[in-house]
Amino acid sequence: MFRYGVRLASTLPDARLASVPGSRTWIMRDQPELLAGPIRELIATAPLGTAPGGGSPL
């Protein structure tokens, strides 16, 4: 299960992997309030006007 997330995160520059207990495939439906925390943290710590890996944001 989680091994696929670990493998995917290892291939993406600046990737972050968060575990949300009690969730399955549809995390946004199973645990929306717990998913919101890591998303907020990502947005709060991302430099403005940049994209992960140093590329263009769009």
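Residues numbered from 1 in each chain as written. Predicted model: local features only at pLDDT ≥ 70, side-chain atom pairs only at ≥ 80, totals over all residues. Heavy atoms only, no water.

Student: Residues and numbers for the overall build of the chain, please.
Tutor: The helix and strand tally for the chain stands at 3 helices and 0 strands. Across the 58 residues in the chain, those meeting the buried criterion constitute 7%. Residue pairs at least 24 apart in sequence account for 23% of intrachain contacts in the chain once pairs closer than 6 positions are excluded. Element-wise, carbon and sulfur atoms account for 63% of the exposed surface of the chain, whose accessible area totals about 5,100 Å². (Helix = DSSP H or I, 4+ residues; strand = E, 2+ residues; numbered from the N terminus. Buried < 20%, exposed > 50% of the residue type's maximum accessible area, 1.4 Å probe, protein only. Contact = heavy atoms within 4.5 Å. Areas by Shrake-Rupley, 256 points an atom, 1.4 Å probe, with all protein chains shown as cover.)

Student: Describe a nonpolar patch on the surface, listing the residues and the values that go with them.
Tutor: Together, Phe2, Val6 and Leu17 make up a nonpolar patch on the protein surface, roughly 270 Å² of accessible area in all. Examined against the element boundaries, leucine 17 turns out to sit in the loop between helix 1 (2-11) and helix 2 (27-30). (Patch = residues over 30% accessible without salt bridge, like charges linked within 9 Å, V, L, I, M, F, W, Y side chains within 5 Å. Salt bridge = Lys/Arg side-chain N within 4 Å of Asp/Glu carboxyl O.)

Student: Outline the side chain of glutamine 31, listing residues and values.
Tutor: On the secondary structure map, glutamine 31 appears in the loop between helix 2 and helix 3 (32-45). Ignoring sequence-local partners within four residues, the contact set of glutamine 31 consists of Val20, Pro21, Gly22 and Ser23.

Student: Hey, could you go over the environment of leucine 34 for me, with residue numbers and the actual values?
Tutor: Structurally, leucine 34 is set in helix 3. Using a relative accessible area of 40% as the deciding quantity, one classes leucine 34 as partly exposed. Separated by 14 residues in sequence, leucine 34 and valine 20 place their C-alpha atoms 6.5 Å apart.

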